[in-house]
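# Coordinates in review
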Amino acid sequence: MSHHFHAIVWIDHHEARILDFNPDDTQSETVRPRHPVKHLHVKAGTLSSWRAPEDKDYFDEVATKLADIGEALLVGPANAKFELYKYLQAKHPQTAEKVVGIETVDHPTNGELVDYAKAYFMKADRMLPQIAE
């Protein structure tokens, strides 16, 4: 998918929106799980888990889409972004190394995501050690 160095991934348990971009161009792709998680409720007084099971095929497909990018920012409204990152660390460590941040972001448009990512990467680039020429 990627033809650009930077990407932002907005993910929840229903979809992952992957946008790779440069200053002049943006490409987007959406990945959906084969079996999306329904809303889970916790029954008071039970020990059952409220967490959705990890969807390995879903996370593998997202990892494949990120294979060629240089840096990625993972965002989303809940825990899926952290679950994806842990999965990347365990199963796709080369891709996990490209993740430069994980942030909580509600439900923005693609344009808002790209603006957020550009601002984030500009700050992150200033924080990286500079190499003297």
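Here the structure is shown first, and the text comes after it.
Only a predicted model underlies this, so the values are computations on that prediction, with no experimental measurement involved.

What the chain contains, in helices and strands, is 4 helices and 5 strands. Start at the N end of the chain and walk to the C end: the helices and strands fall as β-β-β-α-β-α-α-β-α. A burial count over the chain gives 40% of its 133 residues as buried. Contacts in the chain between residues at least 24 apart in sequence constitute 63% of all its contacts with a sequence separation of at least 6. Carbon and sulfur atoms make up 53% of the accessible area of the chain, which amounts to about 8400 Å² in all.

Ranked by size, the top nonpolar core spans 20 residues in total, and within it Val9, Ile11, Ala16, Tyr58, Val62, Leu66 and Leu84 carry the most contacts. Of all the elements in the fold, those that place two or more residues in this core are β1 (6-11), β2 (16-21), α1 (56-65), β4 (71-76) and α2 (80-91). Every residue in contact with Val9, bar those within four places of it in the chain, is listed here: Ala16, Arg17, Ile18, Val62, Leu66, Leu73, Leu74, Val75 and Leu84.

Another aspect to go through is the sheet that holds β4. The strands making up a sheet associate through hydrogen bonds between their backbones, and the pairing can be parallel or antiparallel. An order of β3-β2-β1-β4-β5 is seen for the 5 strands of this open sheet, with the pairing classed as mixed. Taken across any chain shown, the strands that pair with only one partner, and hence form the sheet edges, are β3 (26-31) and β5 (99-104). Between one strand and the next, the sheet's axes are offset by a mean angle of 15°, whatever the strand orientation. Sheet topology places β1 next to β4; 5 bridges connect them, and they run parallel. Note that in β4 the partner of Ile8 across the bridge is Leu73. Of the strands in this sheet, β1, β2 and β3 touch α1, which is tilted by about 165° from β3. Across the sheet, α2 lies against β1, β4 and β5, angled at about 160° from β5, the strand it touches most.

Pairing of β2 with β3 involves 6 bridges; the strand directions are antiparallel. Residue pairing for β3: Arg17 is matched across the bridge by Thr30. Between the end of β2 and the start of β3, which pair antiparallel, lie 4 residues.

Conventions used here
The residue numbers shown here count from 1 along each chain, following its written sequence. In view of the model being predicted, local features appear only for residues whose pLDDT reaches at least 70, and side-chain atom pairs are presented and counted only at 80 or more, with totals across whole chains, interfaces and linings using the full set of residues. The basis for the side-chain values is all heavy atoms of the structure; hydrogens and waters are excluded. Each helix corresponds to a stretch of at least 4 residues labelled H or I by DSSP, and each strand to a stretch of at least 2 residues labelled E; elements are numbered beginning at the N terminus. Accessible area is worked out with a 1.4 Å probe on protein chains only. A residue is then buried under 20% of its type maximum, exposed over 50%, and partly exposed in between. For this analysis, residues touch if any pair of their heavy atoms sits within 4.5 Å. Each accessible area is a Shrake-Rupley estimate made with a 1.4 Å probe; only the visible protein chains count as cover when residues are assessed. By convention a nonpolar core is built from buried Ala, Val, Leu, Ile, Met, Phe, Trp, Tyr and Cys residues, the set being connected through side-chain atoms within 4.5 Å. By the convention used here, strands pair only if DSSP detects at least 2 bridges between them. In this analysis an axis means a line fitted to C-alpha atoms, helices contributing only their contacting stretch, and an angle means the value between N-to-C directions, from 0 to 180 degrees.

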